[in-house]
Amino acid sequence: MAKTVAILNQKGGVGKTTTAVNLTACVGAEGKKALLIDIDPQGNSTSGFGVDKRKTEVSSYEVLTGTKTAKEAVIHTAFQNVDLIASNMNLAGAELEIIDRKNRESLLKTAVAPVWGDYDYIFLDCPPSLGLITLNALTCADTFLVPIQCEYYALEGLSQLMATVRQIKRLYNPYIELEGVLLTMYDGRLNLTQQVVEEVKKFFPKKVYKTTIPRNVRLSEAPSFGQPVLYYDKSSKGAVAYGELAREFLAKQT
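A quick note: this is a predicted structure, and the numbers were derived from the prediction, not measured.

Rules of the game
- Residues numbered from 1 in each chain as written.
- Predicted model: local features only at pLDDT ≥ 70, side-chain atom pairs only at ≥ 80, totals over all residues.
- Heavy atoms only, no water.
- Disulfide = S-S within 2.5 Å.
- Buried < 20%, exposed > 50% of the residue type's maximum accessible area, 1.4 Å probe, protein only.
- Helix = DSSP H or I, 4+ residues; strand = E, 2+ residues; numbered from the N terminus.
- Pairing = 2+ DSSP bridges.
- Right-handed = clockwise from strand over helix to strand, strands pointing away.
- Patch = residues over 30% accessible without salt bridge, like charges linked within 9 Å, V, L, I, M, F, W, Y side chains within 5 Å.
- Areas by Shrake-Rupley, 256 points an atom, 1.4 Å probe, with all protein chains shown as cover.
- Salt bridge = Lys/Arg side-chain N within 4 Å of Asp/Glu carboxyl O.
- 1 Å grid on protein atoms, 1.4 Å probe; cavity = no way out; pocket = protein on both sides within 12 Å on 5 of 7 lines; lining within 4 Å.
- Points joined across faces, edges and corners; volume = space filled by probe spheres on them.
- Nonpolar A, V, L, I, M, F, W, Y, C, P; charged D, E, K, R; others polar.
- Core = buried A, V, L, I, M, F, W, Y, C linked by side-chain atoms within 4.5 Å.
- Contact = heavy atoms within 4.5 Å.

Engineer: Even after reading the chapter, I still don't get the state of the cysteines, so can you show me in this structure?
Structural biologist: Disulfides are covalent bonds that connect the sulfur atoms of two cysteines. The final tally for this structure, using the stated rule, is zero disulfides. In this model Cys26 remains outside any disulfide bridge; the closest cysteine sulfur is found in Cys150, 19 Å from its own. Overall, Cys150 belongs to the buried group, its relative accessible area being 8%.

Engineer: What exactly am I supposed to notice about the pairing of strand 8 (residues 208–214) here?
Structural biologist: Put simply, side chains in a regular strand alternate between the two faces of the sheet. The element strand 8 is largely enclosed, with a buried count of five among its seven residues. As judged from the three bridges shared by strand 7 (residues 177–186) and strand 8, these two strands associate in the parallel manner. Residue pairing across strands places Tyr186 opposite Pro214, the latter belonging to strand 8. In this view, the connection linking strand 7 to its parallel neighbour strand 8 by way of helix 9 (residues 191–203) has right-handed handedness.

Engineer: Can you help me understand a nonpolar patch on the surface in this one?
Structural biologist: A cluster of nonpolar residues, Tyr152, Tyr153, Leu190 and Leu192, forms a patch on the protein surface that exposes about 440 Å² of accessible area. Among the secondary structure elements, Leu192 is positioned in helix 9. Assessed through its relative accessible area of 34%, Leu192 is described here as partly exposed.

Engineer: Mind showing me how you'd approach the layout of surface pockets here?
Structural biologist: Reported here for the largest pocket is a volume of approximately 330 Å³. What lines the largest pocket is a set of 21 residues, and nearest its centre among them are Gly15, Thr18, Met185, Leu219 and Ser220. Listed by contribution, the elements that provide at least two residues to the lining of the largest pocket are helix 1 (16–29), helix 2 (44–48), strand 7, strand 8 and helix 10 (217–221). By residue class, the composition of the lining of the largest pocket is ten nonpolar, ten polar and one charged.

Engineer: Hey, could you run me through the pairing of strand 5 (residues 121–125) in this one?
Structural biologist: Of all five residues making up strand 5, five are buried, and the element is well covered by its neighbours. In terms of strand pairing, strand 1 (residues 3–7) meets strand 5 through five bridges, oriented parallel. Bridge pairing links Lys3 to Tyr121 in strand 5. Two strands pair when backbone bridges link them, and strand 2 (residues 34–38) and strand 5 are joined in this way by five bridges, in the parallel orientation. When the sheet's bridge partners are listed, Ile37 is paired in strand 5 with Leu124.

Engineer: Explain the nonpolar core to me, please; I cannot follow it from the model alone.
Structural biologist: Most often, soluble globular proteins have nonpolar side chains that are buried together. Formed by 54 residues in total, the largest nonpolar core has its most connected members in Ile122, Leu124 and Phe144. Considering each element in turn, this core owes the most residues, six residues, to helix 7 (residues 132–140). Once you skip the residues sitting within four places of it in the chain, Phe144 turns out to touch Ala6, Leu8, Leu138, Met162, Val165, Ile176, Glu177, Leu178, Glu179 and Gly180. Leu36, Val51, Tyr242 and Phe249 belong to the second largest nonpolar core, which has 32 residues in total.

Engineer: Sorry if this is basic, but what is going on with the side chain of Asn136 here?
Structural biologist: The residue Asn136 is located in helix 7 in this model. Of the residues examined, Asn136 reaches a relative accessible area of 0% and is grouped as buried. Aside from chain neighbours lying at most four places away, what touches Asn136 is Leu64, Ile98, Arg104, Glu105, Ser106, Leu107 and Leu108.

Engineer: Teacher, can you tell me more about unusual backbone geometry here?
Structural biologist: Excluding glycine, a negative phi dihedral is what most residues carry, and trans is how most peptide bonds are arranged. The backbone phi angle of Met185 is positive, close to 50 degrees, even though this residue is not glycine. Examined against the element boundaries, Met185 turns out to sit in strand 7. What makes Met185 partly exposed here is its relative accessible area of 21%. Of note, the phi angle at Lys206 is positive, near 65 degrees, even though the residue is not glycine. Considering the arrangement of structural elements, one finds Lys206 in the loop between helix 9 and strand 8.

Below, the structure written as structure tokens:
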């Protein structure tokens, strides 16, 4: 039975999709069968695995709205142990379509349940908002992982995110827990970075990953080649960091 992890932060530009793509790829490379479900209408995770979102016939939109099954949507990628359910711009209108549905918050959970047995881990790349799609992700997930950029406004909006999670825990998913907090775009030479790290550790005691993700050109380049950084340049700092994160993530599961 797969463990399902939502990767989210309603603040854009924090490395959420970069983390979704590269953590999934590195977990797969560690020998675990992984599925990434792209539920961000921008579809950047889909592109990050070299899949053309414009040519995707069955996407997370059809899965969420119930016109196709999750099994029909699964794409076997070129990368070790990694499958994908792609996204495209159709998903942008999904919230309006499902708003009046019965049990609208658990549509994704119901749709994904038939493939739980096929994977060790399912990762959900959430949109940068706290709307109905993210609500579905948090109702579906066992845990959630929050990437945080090492910058001045890092903690802005996080109290709102945690309040939303508390509400979801109370109303829809009593089992959801924080998987961990990941510091991205890390530069240890800057005093500001150290200040942000201390603040984040105060805000999330014992939940901050030891592994940090540095700013790295290769990490930025990899998506334009449709590859996770591990396959684009496995000796780059970005690839090494995400490999360490995957091992730290997996070690916590035992």
